[in-house]
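# Structure assessment
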Amino acid sequence: YKQFGQWFVEPIAYAYRFNSQLYTADGSGELGVLRYKQIGAVLTGGYVLGNWGDIRVGVQLGGIQELKGSVPTGLPQGWNEDVRLSAGLRIDTLDSLIFPKHGTQINLDFTDFVGALGGDITGQAFEFYGNKPITFGRTSVVLGGRFGATQNLNYDFLGPYKLGGLFNLSGYPLNSLV
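This text gives an overview of the structure that appears in the document. (Residues numbered from 1 in each chain as written. Predicted model: local features only at pLDDT ≥ 70, side-chain atom pairs only at ≥ 80, totals over all residues. Heavy atoms only, no water.)

## Quick look at the overall build of the protein chain
Which entries qualify depends on this criterion: Helix and strand definitions here come from DSSP, where helices need a minimum of 4 consecutive H or I residues and strands a minimum of 2 consecutive E residues; each element is numbered from the N-terminal end. To sort residues, take the accessible area from a 1.4 Å probe on protein chains only and compare it with the maximum for the residue type: under 20% means buried, over 50% means exposed, and anything in between is partly exposed. Contact criterion: two residues are considered in contact whenever any of their non-hydrogen atoms come within 4.5 Å of each other. Per-residue accessibility takes into account occlusion by the displayed protein chains alone, with areas from the Shrake-Rupley method and a 1.4 Å probe.
Scanning the protein chain from terminus to terminus reveals zero helices and eight strands. If you list the helices and strands of the protein chain from N to C, you get β-β-β-β-β-β-β-β. Relative to its full complement of 178 residues, the protein chain shows a buried share of 35%. The long-range share in the protein chain, meaning contacts at least 24 apart out of those at least 6 apart in sequence, stands at 50%. Element-wise, carbon and sulfur atoms account for 59% of the exposed surface of the protein chain, whose accessible area totals about 10600 Å².

Now the structure itself:
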């Protein structure tokens, strides 16, 4: 991350393997293990809005490959190009990261998986995330919400919202409901 006045640029390189046990939506059984690897780079830039938020746009170039032993993802065998364009708005006026008492946190993100630029993955993804603390005397409660949706995404397991883990259907392991 490098800031130039109110403007910033944020380059990121990534390489990881994803392994997660999947379960049926009705909880009746296991589907198998979703396994894939991704490698690529992201370049994001934007404008800082005072000390309370930013607007950002970015491009991601990379690839994805289904690994041996995975449940079928629909990906063709071998390496698949992953080209994405993204735009986002982040607003954060919370007074504390750990135990906020007032303020608001909102993240809005749009991602376009671009086939026209050589990507094998096509479609769009939308994501909203927000938190709002409410304080009564010495007691604070943080109300939070998340929403993710895809449109015409040809490989749904890449969508923005996966369930499982402590705060998202905690009876299942992290990312186990795709």
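What follows continues from the structure just given.
## A short note on the sheet that holds strand S8 (residues 139–151)
Rule in force here: Pairing between two strands is assigned when DSSP locates at least 2 bridges connecting them. Orientation is described by lines fitted to C-alpha atoms, with helices fitted over the stretch in contact, and by angles between N-to-C directions that extend from 0 to 180 degrees.
Pairing is antiparallel in the open sheet, where eight strands are placed in the order S1-S2-S3-S4-S5-S6-S7-S8. Bordering the open sheet on either side are strand S1 (2–4) and S8, each of which pairs with just one other strand. On average, each strand axis in the sheet is inclined to that of its neighbour by 20°, with strand direction left out of account. Here strand S4 (residues 53–66) runs beside strand S5 (residues 80–92); their pairing, made up of 12 bridges, is antiparallel. Bridge pairing in S5 places Arg 56 opposite Gly 88.

## Some remarks on the nonpolar core
Definition in use: By convention a nonpolar core is built from buried Ala, Val, Leu, Ile, Met, Phe, Trp, Tyr and Cys residues, the set being connected through side-chain atoms within 4.5 Å.
With 12 residues, the main nonpolar core is built from Phe 18, Leu 22, Leu 34, Tyr 36, Ile 64, Val 71, Leu 75, Phe 113, Ile 121, Ala 125, Leu 153 and Tyr 155. Those elements that place two or more of their residues in this core are strand S2 (7–23) and strand S3 (30–49).

## Points about the pairing of strand S7 (residues 123–136)
Relative to S7, strand S6 (residues 105–113) runs antiparallel, the two sharing nine bridges. By the bridge assignment, Asp 112 is partnered in S7 with Gln 124. Judged from the 13 bridges that link them, S7 and S8 form a sheet pairing that is antiparallel. What sits directly across from Pro 133, in S8, is Val 142.

## Describing the side chain of Gln 105
As for its placement among the helices and strands, Gln 105 is situated in strand S6. Gln 105 gets classed as buried once you look at its relative accessible area, which sits at 16%. Aside from chain neighbours lying at most four places away, what touches Gln 105 is Ile 91, Asp 92, Leu 94, Tyr 129, Gly 130 and Asn 131.

## Let's talk about the pattern of salt bridges
We apply this condition: Any Lys or Arg side-chain nitrogen located within 4 Å of an Asp or Glu carboxyl oxygen qualifies as a salt bridge.
The tally for this structure, following the rule as stated, stands at four salt bridges. With a shortest N-O distance of 3.0 Å, Glu 10 and Arg 56 are connected by a salt bridge. Here the residue Glu 10 occupies a position in strand S2, and Arg 56 occupies one in strand S4, the gap between them amounting to 46 residues. Look at the salt bridges and you will find they share partners, linking Glu 10, Asp 54 and Arg 56 into a network.

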